[in-house]
Amino acid sequence: MQFTREDAWRLLNQYTKSPSLIKHALAVETSMRAYAAKFGGDVEKWRIVGLLHDFDYEQYPSPADHPFRGCEILRQMGYPEDVIHAILAHAEYSGAVRESLMDKTLFAVDELSGFVMAVALVRPTKSIFDVDVKAVKKKLKEKAFAKGVSREDVYKGAEELGVDLDEHIQFVIEALQTRADELGLRGVAMEA
């Protein structure tokens, strides 16, 4: 059975109501789509993986359930095993080994996409266009900022993907800029 982005969008919205979790899914989808294009991956499959990686999180947030429950749902629906494996492997504690480039990319962009969004939202303009690598790296050093984001996963993700951290951050920033309006990151006009 062939699944589309529209199918994935409906499934995400069936299980996830939180606007911030929806935006996170859209951000990860955007980063996955951009990397699929760069690496010659299946753009539609990679973006679906990004969109669905946390679709079960709102209803099943504990590590005992997420992403295991979501993967069971996807398996019952007939999603391809490589999609399910990538989603399972994005959780360090799942025991699933990241093998494919799609697996490694999802892990590499998950935490970083959310973190870059958080950096944009604390800028005076609240704009992704005012975020650069230096600002992201500075905030990565601030333990109190976006403390739910695993810095270790950000660094490990770039390493596993085999990309320079600065280039990885820049790539994700640029990917998210393409969807600034949908992500609420276009920003606000500053008064002179």
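Everything numeric here is computed off the predicted structure, so don't read it as measured data.

A. How the structure looks around the packing of helix H3 (residues 43–52) against helix H6 (residues 101–122). Interaxial distance between H3 and H6 falls to 11 Å at its minimum, and their mutual angle equals 40°. As far as their axial angle goes, H6 and H3 are oblique. The interaxial crossing formed by H3 with H6 has right-handed handedness. Residues Lys-45, Trp-46, Val-49 and Gly-50 of H3 lie in contact with H6, whose contacting residues are Leu-101, Met-102, Thr-105 and Leu-106. Partitioning the contact of H3 with H6 into residue classes produces 5 nonpolar, 2 polar and 1 charged.

B. Fine view of helix H4 (residues 68–77). Restricting attention to buried positions, one finds in H4 the residues Gly-70, Cys-71, Ile-73 and Leu-74. Buried residues of H4 fall within an arc of 160° about the axis and therefore sit on the same side. Structurally, H4 contributes buried residues whose contacts are with helix H1 (5–15), H3 and helix H5 (81–89). At the C-terminal side of H4, Gly-78 shows a positive phi close to 95°.

C. Just the environment of Phe-115, in detail. With respect to the helices and strands, the residue Phe-115 is situated in helix H6. Phe-115 sits in the buried class, given a relative accessible area of 0%. Along the chain, Phe-115 and Lys-147 lie 32 residues apart, while their C-alpha atoms are 9.7 Å from each other.

D. Main features of the nonpolar core. Counting 61 residues, the largest nonpolar core has Leu-52, Tyr-79, Val-116 and Val-136 as the members making the most contacts within it. The element that contributes the greatest number of residues to this core is H6, accounting for 10 residues. If sequence neighbours within four positions are ignored, Val-136 has contacts with Leu-112, Phe-115, Val-116, Val-119, Val-131, Ile-169 and Ile-173.

E. Quick look at the packing of aromatic side chains. Using the criterion set out here, one finds 7 aromatic pairs in the structure. Plain terms: the ring middles of Phe-3 and Tyr-79 are 3.8 Å apart, the flat faces sit at 10° to each other, and that makes the pair stacked. Here Phe-3, found in the segment before H1, pairs with Tyr-79, found in the loop between H4 and H5; they are 76 residues apart in sequence, far enough to count as distant. Take Phe-3: its relative accessible area is 11%, and that puts it in the buried class. Look at Tyr-79 and you get buried, because its relative accessible area is 5%. An angle of 85° between the planes, with centres 5.2 Å apart, marks the rings of Tyr-15 and Phe-55 as edge-to-face.

F. The arrangement of helix H2 (residues 19–39) in detail. Here H2 contains 21 residues, and its C-alpha end-to-end distance of 30 Å stays within 8% of the 30 Å for a straight helix at 1.5 Å per residue. Within H2 the residues assigned to the buried category are Ile-22, His-24, Ala-25, Leu-26, Ala-27, Val-28, Glu-29, Thr-30, Ser-31, Met-32, Tyr-35 and Ala-36. Those residues of H2 hidden inside the fold are in contact with H1, H3, H6, helix H8 (151–161), helix H9 (165–177) and helix H10 (180–183).

Calculation notes
Residues numbered from 1 in each chain as written. Predicted model: local features only at pLDDT ≥ 70, side-chain atom pairs only at ≥ 80, totals over all residues. Heavy atoms only, no water. Axes fitted to C-alpha atoms, helices over the stretch in contact; angles between N-to-C directions. Helix = DSSP H or I, 4+ residues; strand = E, 2+ residues; numbered from the N terminus. Parallel < 35°, antiparallel > 145°, perpendicular 65-115°, else oblique. Left-handed = near helix turned anticlockwise from the far one by under 90°. Contact = heavy atoms within 4.5 Å. Nonpolar A, V, L, I, M, F, W, Y, C, P; charged D, E, K, R; others polar. Buried < 20%, exposed > 50% of the residue type's maximum accessible area, 1.4 Å probe, protein only. Arc of directions from axis to C-beta. Core = buried A, V, L, I, M, F, W, Y, C linked by side-chain atoms within 4.5 Å. Phe/Tyr/Trp six-rings, centres within 6.5 Å; stacked < 30°, edge-to-face > 60°. Expected span 1.5 Å × (residues − 1).

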